[in-house]
Amino acid sequence: MEMNDRFLRACRREPVDVTPVWFMRQAGRYMAEYRLIREKYSLIEICQHPEIAAEVTMQPVRALGVDAAILFADILLPVIPLGLGLGFSKGEGPVIGSPVRTLEDVRAMKPFDAESDLGYVMDAIRILRGTLGDVPLIGFCGAPFTVASYIIEGGSSREFLKTKMMMYSAPEVFHALMEKLSVVLSDYLVAQIRAGAQAVQVFDSWVGALSPSDYETFVLPYSQNVLQAAKNENVPVIHFGTNTTTLLPLMKRASGDVIGLDWRIPLDDGWKIIGHDRAVQGNLDPVTLFAPLSEIKARVHDVLRRAEGRPGHIFNLGHGILQHTPVDNVKAVVDMVHEYSAEKVEAR
Ligand code: CP3
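Predicted model, so just to flag it, every value in this text is computed and none were measured. Numbering of residues begins from 1 in every chain and follows the order in which that chain's sequence is written. Per-residue local features are limited, in this predicted model, to residues with pLDDT of at least 70; the limit for side-chain atom pairs, both in listing and counting, is 80 or more; totals at the level of whole chains, interfaces and linings are taken over all residues. Each side-chain value is derived from all of the structure's non-hydrogen atoms; neither hydrogens nor water enter the calculation.

Participant: Explanation requested: the state of the cysteines in the structure shown.
Facilitator: Disulfide: a covalent bond connecting the sulfur atoms of a pair of cysteines. Note on terminology: disulfide denotes any pair of cysteine sulfur atoms within 2.5 Å. A complete count under the given rule lists zero disulfides for this structure. There is no disulfide at C47, and the cysteine sulfur nearest it, in C141, is 15 Å away. Partly exposed describes any residue whose relative accessible area lies between the buried limit of under 20% and the exposed limit of over 50%, with all areas from a 1.4 Å probe on protein chains only and scaled to the type maximum. Classification of C47 by relative accessible area gives buried; the value is 2%.

Dropping the structure here:
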């Protein structure tokens, strides 16, 4: 079978026939097929059954015609073997059973070996490489800061009060936790690549809560460790965060063949800051997908116009698909991206 390699080519800033498109959180509750599976299994149970996780990964590939699959898993899975306890509560999201607050808590975290502790993730990847056919598979992990924020807060947070208090009043504890997580997450990402992931994304979803100077001191070295570990395996690495307008130069320095942009910055302005020697991914506002098709189209075209047909643009949202998003609109965006960019290629 001929490989659909436009996503991988765009990661390497090579010319493509049409702009590749996939969506963060492209599998999930907005799809009826997913909700059906969720009636029988919890999120964690889906992840822990490789054949079910593989099936859920395939759902959006079949329904939408996207140019890449993203492994169905969660950034918080490593928390389970670390011995911290993970649950998901309705309405409140992730809950960490034993949050980490002291140096003793950091030291009490269990040793981690990705292939034995999260073997089910690697098994799902191995199944998918057999079933995906021509579509490339993206593996992923959370970045140390975003994972640390859940571990310290005990769940989701708006202000990151406990996380920042640890940074500002017990920096040695924060650094010890980040050091430990960067080793764990590097091991996890490398294991995914060795199992067959053809690209990886590092999600630093909440890093935009930090100032550039705190990012540089408390985050950059640890993210760099994880991104570099993946880079050494010779697959494209996507470095993503939100609310990152002032952090982009530092995120670039931390590494990433592709830098993810959210919708708060126009794509061309973001790309200029990052520099055209890197690829970019993004950056339609996920809420756009609830709008009338004419409005969606105008905004999709605006993103593509700002990319100027330059090699190295991967179309995506600025963050994950929201829960009640109409599936037809998501499918329509895939077609709009392919059609618009095909016309541009022909016109050149
Ligand atoms: O993109 C995909 O299709 C792959 C699957 C995926 C999930 N989580 C499945 C999931 C990915 C890439 C993630 C990453 C993830 N998980 C992030 C980073 C990306 C982002 O959106 O910022 C974060 C911060 C998490 C932590 C997490 N997991 C949260 C905040 C939630 C939401 C809790 C809720 O109740 O809405 C989850 C649960 C989760 N992970 C769902 C899915 C599809 C929700 C659906 C469900 O409960 O079945």
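Participant: Can you help me understand the site of the ligand in this one?
Facilitator: For this purpose, a residue is taken to be near a molecule or strand whenever a single non-hydrogen atom of the residue falls within 4 Å of it. With respect to spatial proximity, 23 residues lie near the ligand, and among them R25, Y34, R38, S205 and H319 are the closest. Any pair of N or O atoms that falls within 3.5 Å is considered a polar contact. Within protein, one atom must be able to donate a hydrogen and the other to accept it, and sequence-neighbouring residues count only if both atoms are side-chain atoms. Within the contact set of the ligand, an oxygen atom lies 2.6 Å away from a backbone nitrogen or oxygen of R25. Note that a nitrogen atom of the ligand is positioned 2.7 Å from one of the side-chain N or O atoms of D74. When the ligand is considered free in solution it has 870 Å² of accessible area, and contact with the protein chains removes 90% of it. The accessible surface values rely on the Shrake-Rupley method and a 1.4 Å probe; as for residues, cover is taken only from the protein chains in view.

Participant: Just checking my understanding: could you explain the nonpolar core for this structure?
Facilitator: Here is a general trend for soluble globular proteins: nonpolar side chains tend to be buried in one another's company. By nonpolar core we mean a set of buried residues, namely Ala, Val, Leu, Ile, Met, Phe, Trp, Tyr and Cys, connected to one another through side-chain atoms within 4.5 Å. In this structure, F7, W22, F23 and Y188 are the most contacted members of the largest nonpolar core, which totals 130 residues. Top element by residues in this core is helix α10 (residues 171–195). It accounts for twelve residues. For helices the rule is a DSSP run of H or I covering at least 4 residues; for strands it is a run of E covering at least 2, with both sets numbered from the N terminus onward.

Participant: Where do I start with the environment of T288 in this structure?
Facilitator: Note that T288 resides in the loop between β8 (279–284) and α15 (293–307). Sequence separation between T288 and V300 is twelve residues, and the spatial gap between their C-alpha atoms is 9.1 Å. Those residues within four positions of T288 in sequence are excluded, and the remaining contacts are I296 and R299. Within the local environment of T288, its side chain forms a polar contact with the backbone oxygen of D285, the two atoms lying 2.7 Å apart. What makes two residues a contact is simply this: any of their non-hydrogen atoms within 4.5 Å.

Participant: I keep staring at the pattern of salt bridges and nothing clicks. Help me out?
Facilitator: Close approach of charged atoms allows side chains of opposite charge to pair. The rule for a salt bridge is simple: a side-chain nitrogen of Lys or Arg has to be within 4 Å of a carboxyl oxygen of Asp or Glu. One pass over the structure, following the stated rule, counts 17 salt bridges. Among the salt bridges present, the one from R310 reaches E308, with a minimum N-O distance of 3.2 Å. According to the relative accessible area criterion, R310 is partly exposed, its value standing at 28%. Look at the salt bridges and you will find they share partners, linking R6, D17 and D67 into a network.

Participant: Got a minute to help me understand the packing of aromatic side chains in this structure?
Facilitator: Any pair of aromatic rings gets described here by the distance separating the centres and the angle formed by the planes. Any Phe, Tyr or Trp ring, taking Trp's six-membered ring, that has another such ring centre within 6.5 Å forms a pair; planes under 30 degrees apart are called stacked, those over 60 apart edge-to-face, and the others tilted. One pass over the full model with this rule turns up five aromatic pairs. Plain terms: the ring middles of Y34 and F72 are 5.6 Å apart, the flat faces sit at 50° to each other, and that makes the pair tilted. Placement of Y34 in helix α2 (residues 32–38) and of F72 in the loop between β1 (69–70) and β2 (86–89) is noted, with a sequence separation of 38 residues between them. Here Y34 and F72 have matching classes, each one buried. Counting every residue linked through ring pairs, the aromatic cluster contains F140, F203 and F240. Directly above the aromatic system of W271 lies the positively charged group of R310, at a separation of 5.4 Å from the ring centroid. Only when the NZ atom of a Lys or the CZ atom of an Arg is both within 6 Å of the ring centre and within 35 degrees of the ring normal do we say a charge sits over the ring.

Participant: What's the story with the sheet that holds strand β5 (residues 199–204) in this structure? I'm lost.
Facilitator: Sheet strands line up and pair through hydrogen bonds in the backbone, either parallel or antiparallel. Spatially, seven strands are ordered β1-β4-β5-β6-β7-β8-β9 in an open sheet, and the strand pairing comes out parallel. Either end of the sheet is taken by a strand with one partner, and the two such strands are β1 and β9 (313–317). By definition, two strands form a pair when at least two bridges between them are found by DSSP. Here five bridges tie β5 to strand β6 (residues 237–241), and the two strands are oriented parallel to one another. Note that in β6 the partner of V200 across the bridge is V237.

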